[in-house]
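Below, each chain spelled out in residue letters.
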Amino acid sequence: MSTTTLAVLVPLLPFLGAVAGLLLGRTAPGFVRPLAVLPVLAAAVLAVLVAVRQGGGAAIDAATELTPTGSVPIELAFHIDGFAVLVAALVGVVATCVQLYSTAYLREDPRYPSYAALVSLFTSAMLLVVYSGDLMVLLVGWEIMGICSYFLVGHYWETEAARSASLKAFLVTKLGDVPFLIGLFALAADAGSFRITEILDTVAAGGLDHPTLIALLLLAGVAGKSAQFPLHTWLPDAMAGPTPVSALIHAATMVAAGVYFIARLLPVFAASRAALVVMAVMAAVTMIGSGLAALAQDDVKRVLAYSTVGQLGYMTGALAVADRGAAVFHLLSHGAFKALLFLGAGVIIHAAGTNSLAAMSRMDGLAKRVPDAFWTMTLALLALAAIPPFAGFFSKEAVLVAAEEAAAGHSALAPGAAGWTVLVSGVLAALLTAAYATRLWLMAFRGRGAAAPDHGREPLAMTGVLWLLAVPTLGFGLAAGPLADWFDGEPLTPTVTTSLLGTGAALVGVLLTYGLWQRAAVRAAAGARTGTGIETGATASAAAARSAAETPEVAEVTHEHPAAPTGPVADPGFALLGPLHRHAAAGFHVDALYDRLFVRPTRAAAALVRFLDREVVETYVRGAGAGPRLLGGLVRRAQTGNVQSYLSALLAGAVVLAIATAVFANVNAGS
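A.B. asks: Lay out the overall build of the chain in plain terms, naming residues and giving numbers.
C.D. replies: A count of helical and extended segments in the chain gives 29 helices and 4 strands. A principal-axis box enclosing the C-alpha atoms of the chain has dimensions of 125 × 75 × 55 Å. When each of the 671 residues of the chain is scored for burial, the buried share is 55%. Counting every atom, the chain has about 26,800 Å² of accessible surface; 68% of that belongs to carbon and sulfur. Here the chain carries 38 positive and 40 negative side-chain charges, and the mean point of each set is 11 Å from the other.

In structure tokens:
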């Protein structure tokens, strides 16, 4: 079987599994789990086989015209290069882990059949985006992922939070998709084709007439899909969906699609130095803002969500300095440890009965209750904090090295301003990342208080995939050398300068957070003994814990639904952020700003239109009907059915006509 045929089967198998799951979910429930796991597993195996066959060599292109469309043809085209095969392998492996994990995590969920089918469809759409060699075919997968995310984030649709989050995710990403679609058409108009290879040839020949406009339009769509500032606000709220969905969205699909898209079309963006500077500023704001926000979150999943936003900022920063190898390298390593973090968080939520870090910090011995999650999440958090020798260290260093090269003026494509912006913000974000990763670990696994509930070992389907994902989390960074040949040949290994900067910043974040946590723990213990909350954030954290403990997922998947413990909280986030904490916890009020700038004016305009429609337009419509109705009522009064009345009226009318005729005759005679 040819490599092209295998590549076609990779997105096709999950699609067929999704269709079969939707058709047989109710009539044959025994087939639901095999149909959820086996097609995705087969796709993962085939994706790895395609990667082995391609081997980082010359790209494989295959295309067939779908239908005549005029001057710009649309083709079902595949473009399989080193970037595509590695990302496809990541998608397949993570999706398989998510499907296996979900068989245990959602085993009591009555909507599991539709959930599993949507996850398979989600996976198929992302694989189509990865392998596609035509922008219109890529757009199909791009939009299918959007609708799948709407349904999966809104899985617990009985609650207002899930409904609002799913609608918000859909609308915000569609807001970016509008300029994205315009940009695709403008790009195809300049290049005369939707084929990626032909577009890149046109760019190389200097054939783009409006490179900056096209790049910025496309960047708007990427900002929405990959949750970059200012369209990042949907991703933290998307945590209302099931935790395995969060792992899939954050690690291997949806948000990764935007970064991968830019990597595929990087020469288009590099044709405009202004677009690269805009991308660098967007990445910098995203990295720093998300890092500060993560330090203030109480929901463990929201911490990881803001973490994803920041790590995507690193990838965007690498693209802003025109190094797609570093960007995709970080995408791959991040996909492994972020999937591990979310799935591990699901185990913790499953065992603790809450997703509140404040509540977990009041539980003693949670790490002993879930040893698999404890050890694997420890590895993943070390990778997230970019501590050597874990995968995150090597991939993040690749980004910083690329930024350093651009800042020093050694990049032929990226401006120095973009390099300095990404380098400075990347080092600062490394400190913030290490700080919130340490905070999460300390509050989740080093709590003090009542004993954590003991429900025995978690299901093997949940814990087994954690250890599977721990392997690339620990060792994937060692592939930095060979991976360069799969990409553009640029080295991905760290340098001494960036290693000292990045690791030094991370260690400062770890040590500072640990010291502030110890001080907060002493104050919390003193407050508990005296019955007073010395910790300034105790009341807010207790309220957040109660709110988090009432989320629909907690009620659905945990063994029990305990009330959140109360009392002072050992949270170093308050000391780290100080007066900024309140604003960071609210995401720096970006949602409130959008509400005032866009939502309220839109609602006011809608209210005005409704008023004009009801009070003005409908008044005229009602008047047009009331006039004939009134006239008809008057005529109806004359229709009594009495013949004598009719004759009398006829006689009176004849007399009136006779008199009128006589009067007019006399007038005419006198004149």
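Let's pick the thread back up.
A.B. asks: Help me get a handle on helix α19 (residues 391-407), residues and values and all.
C.D. replies: Because an α-helix completes one turn every 3.6 residues, residues spaced three or four positions apart along the sequence face the same direction. End to end, α19 covers 25 Å across 17 residues, agreeing with the expected 24 Å (1.5 Å per residue, within 8%). Of all 17 residues that make up α19, 15 are buried, and the element is covered over most of its length. Immediately beyond the C-terminal end of α19, within one or two residues, lies Gly-409, with a positive phi of roughly 80 degrees.

A.B. asks: Now, about the packing of helix α4 (residues 112-131) against helix α5 (residues 135-153): what can you tell me, with residues and values included?
C.D. replies: Where α4 meets α5, the axes come as close as 8 Å, and the angle between the chain directions of the two elements is 155 degrees. Regarding the angle of α4 to α5, the classification is roughly antiparallel. Between α4 and α5 lies a crossing whose hand is left-handed. Facing α4, whose interface residues are Tyr-115, Leu-118, Val-119, Leu-121, Phe-122, Ala-125, Met-126, Leu-128 and Val-129, α5 presents Val-137, Leu-138, Val-140, Gly-141, Trp-142, Ile-144, Met-145, Cys-148, Ser-149, Phe-151 and Leu-152. A class-by-class count of the residues in the contact of α4 with α5 yields 18 nonpolar, 2 polar and no charged.

A.B. asks: Explain the nonpolar core residue by residue, including any values.
C.D. replies: In terms of nonpolar packing, the biggest core is built from 200 residues, with Tyr-131, Trp-234, Phe-261, Val-268 and Phe-269 touching the most fellow members. Leave out the neighbours within four places in its chain, and Tyr-131 touches Ala-7, Val-10, Pro-11, Ala-47, Val-50, Ala-77, Phe-78, His-79, Ile-80, Ala-84 and Ala-88. Formed by 6 residues, the second largest nonpolar core is a distinct cluster that contains Leu-442, Trp-517, Ala-524 and Ala-570.

A.B. asks: Describe in detail the side chain of Ser-290, supporting the description with residues and values.
C.D. replies: Note that Ser-290 resides in helix α13 (residues 273-294). Residues contacting Ser-290, with those up to four places away along its chain left out, are Val-285, Tyr-306, Val-309 and Gly-310.

A.B. asks: Outline the state of the cysteines, listing residues and values.
C.D. replies: Within this structure, the stated rule accounts for 0 disulfides. Between Cys-148, a free cysteine, and Cys-97, which holds the nearest cysteine sulfur, the sulfur-to-sulfur gap is 20 Å.

A.B. asks: So what's going on with the pairing of strand β2 (residues 74-80)? Residues and values would help.
C.D. replies: Among the 7 residues that make up β2, 5 are buried, leaving the element largely enclosed by the rest of the structure. Two elements, strand β1 (residues 60-67) and β2, share 7 bridges in a ladder whose sense is antiparallel. Residue pairing across strands places Ala-63 opposite Ala-77, the latter belonging to β2.

A.B. asks: An account of the environment of Gly-426 is needed here, citing residue identities and associated values.
C.D. replies: Position of Gly-426 among the secondary structure elements: in helix α20 (residues 416-445). Once residues within four sequence positions are removed from consideration, Gly-426 is found in contact with Met-287, Tyr-314 and Leu-400.

A.B. asks: An account of the packing of helix α14 (residues 300-320) against α20 is needed here, citing residue identities and associated values.
C.D. replies: Following both chains from N to C, one finds α14 and α20 inclined at 160 degrees, their axes separated by 10 Å at the closest point. Compared by their axis directions, α14 and α20 come out roughly antiparallel. For the element pair α14 and α20, the recorded crossing hand is left-handed. Across the interface between the two elements, Val-300, Val-303, Leu-304, Ser-307, Gln-311, Tyr-314, Gly-317 and Ala-320 of α14 pack against Ala-418, Val-422, Gly-426, Ala-429, Ala-430, Thr-433, Tyr-436, Arg-439 and Leu-440 of α20. A breakdown of the residues in the contact of α14 with α20 according to their chemical character gives 11 nonpolar, 5 polar and 1 charged.

A.B. asks: Run through the environment of Leu-647, naming residues and quoting values.
C.D. replies: Mapped onto the secondary structure, Leu-647 falls in helix α29 (residues 643-670). Assessed through its relative accessible area of 52%, Leu-647 is described here as exposed. Once the C-alpha coordinates of Leu-647 and Phe-78 are considered, the two residues, 569 residues apart in sequence, prove to be 91 Å apart.

A.B. asks: Residue-level account of the pattern of salt bridges, with values.
C.D. replies: A full pass over the atoms with the stated rule returns 13 salt bridges. A salt bridge links Arg-111 to Glu-158; its shortest N-O distance comes to 3.0 Å. Of this pair, Arg-111 sits in the loop between α3 (82-105) and α4 while Glu-158 sits in the loop between α5 and α6 (160-191), and the two are 47 residues apart along the sequence. Taking relative accessible area as the criterion, Glu-158 reaches 46% and is therefore assigned partly exposed. Residue Lys-174 is joined to Asp-177 by a salt bridge in which the shortest nitrogen-to-oxygen separation is 2.8 Å. Within this pair, Lys-174 and its partner Asp-177 are both found in helix α6, separated by 3 residues, close to a single helical turn. When sorted by exposure, Lys-174 lands in the same class as Asp-177, which is buried.

A.B. asks: Describe unusual backbone geometry, naming the residues involved and giving the relevant values.
C.D. replies: Note on backbone geometry: most residues besides glycine have negative phi, and most peptide bonds are trans. Note the cis peptide between Phe-229 and Pro-230, where omega equals 10 degrees. Structurally, the position occupied by Pro-230 is in the loop between α8 (211-225) and α9 (234-237). Following Pro-388, the chain continues into Pro-389 via a peptide bond in cis, with omega recorded as 5 degrees. On the secondary structure map, Pro-389 appears in the loop between α18 (371-384) and α19. Even without glycine at this site, Phe-588 takes up a positive phi of about 60 degrees. Within the secondary structure, Phe-588 sits in the loop between α27 (581-585) and α28 (590-638).

A.B. asks: Tell me what's going on with the confidence of the model for the chain, and back it up with residues and numbers.
C.D. replies: The share of residues in the chain with pLDDT of 70 or more is 93%, and the mean pLDDT across the chain is 88. Considering each helix and strand of the chain separately, the mean pLDDT is smallest for helix α24 (residues 538-549), with a value of 44, and largest for α13, with 96. Here residues 533-550 is modelled with pLDDT under 50, and outside its nearest four sequence neighbours on either side it reaches 41 contacts, counting other chains as well.

A.B. asks: Give me the lowdown on the packing of aromatic side chains, citing residues and values where you can.
C.D. replies: The final tally for this structure, using the stated rule, is 17 aromatic pairs. Note on Phe-374 and Trp-375: the rings are 4.9 Å apart at their centroids and 65 degrees apart in plane angle, and the pair reads as edge-to-face. Residue classification places Phe-374 among the buried positions, given a relative accessible area of 8%. Residue classification places Trp-375 among the exposed positions, given a relative accessible area of 52%. Taken together, the ring pairs in this structure connect Phe-374, Trp-375, Trp-441 and Phe-445 into an aromatic cluster. Here Arg-33 stacks its cationic end above the ring of Tyr-112, 4.6 Å away from the centre of that ring.

Cut-offs and rules
The residue numbering used here restarts from 1 in each chain and proceeds along that chain's sequence as written. Local features in this predicted model are restricted to residues whose pLDDT is 70 or higher, and side-chain atom pairs enter the listing and the counts only when it is 80 or higher, whereas totals over whole chains, interfaces and linings include all residues. Heavy atoms throughout the structure, all of them, feed into the side-chain values; hydrogens and water do not. The helix and strand labels rest on DSSP assignments: H or I over at least four residues marks a helix, E over at least two residues marks a strand, and numbering proceeds from the N terminus. Note on classification: 1.4 Å probe, protein chains only; a residue is buried when its accessible area is under 20% of the maximum for its type, exposed when over 50%, partly exposed between these limits. Here the accessible surface of atoms and residues is derived via Shrake-Rupley with a 1.4 Å probe, and residues count as covered only by protein chains that are part of the display. Counted charges follow a simple rule, with Lys and Arg positive, Asp and Glu negative, and His plus the chain ends left uncounted. Taken as the charge centre is NZ of Lys, CZ of Arg, CG of Asp or CD of Glu, depending on the residue. Expected helix span is taken as 1.5 Å per residue step, with the number of steps being one fewer than the number of residues. Only the contacting stretch of a helix is used when fitting its axis, a line to C-alpha atoms as for every element, and angles between N-to-C directions run 0 to 180 degrees. Reported orientations rely on four angle classes, namely roughly parallel under 35 degrees, roughly antiparallel over 145, roughly perpendicular from 65 to 115, and oblique for the rest. Here a crossing is called left-handed whenever its near helix is offset anticlockwise from the far helix by less than a right angle, and right-handed whenever the offset is clockwise. When checking whether two residues touch, look at their non-hydrogen atoms; a contact exists if any pair is within 4.5 Å. Gly counts as polar in this scheme, as do all residues outside two lists: the nonpolar Ala, Val, Leu, Ile, Met, Phe, Trp, Tyr, Cys and Pro, and the charged Asp, Glu, Lys and Arg. By nonpolar core we mean a set of buried residues, namely Ala, Val, Leu, Ile, Met, Phe, Trp, Tyr and Cys, connected to one another through side-chain atoms within 4.5 Å. Two cysteine sulfur atoms make up a disulfide if the distance between them is within 2.5 Å. Here the rule is simple: two strands pair whenever DSSP picks up at least two bridges between them. By convention in these notes, a salt bridge is any Lys or Arg side-chain nitrogen within 4 Å of a carboxyl oxygen on Asp or Glu. A residue's pLDDT is the confidence the predictor assigns to it, expressed on a 0 to 100 scale. Classification of ring pairs rests on two measures: the distance between centres of Phe, Tyr or Trp rings, Trp counted by its six-membered ring, which must be within 6.5 Å, and the angle between planes, read as stacked under 30 degrees, edge-to-face over 60 and tilted in between. Our definition puts a charge over a ring when NZ of Lys or CZ of Arg is within 6 Å of the ring centre and also within 35 degrees of the ring normal.

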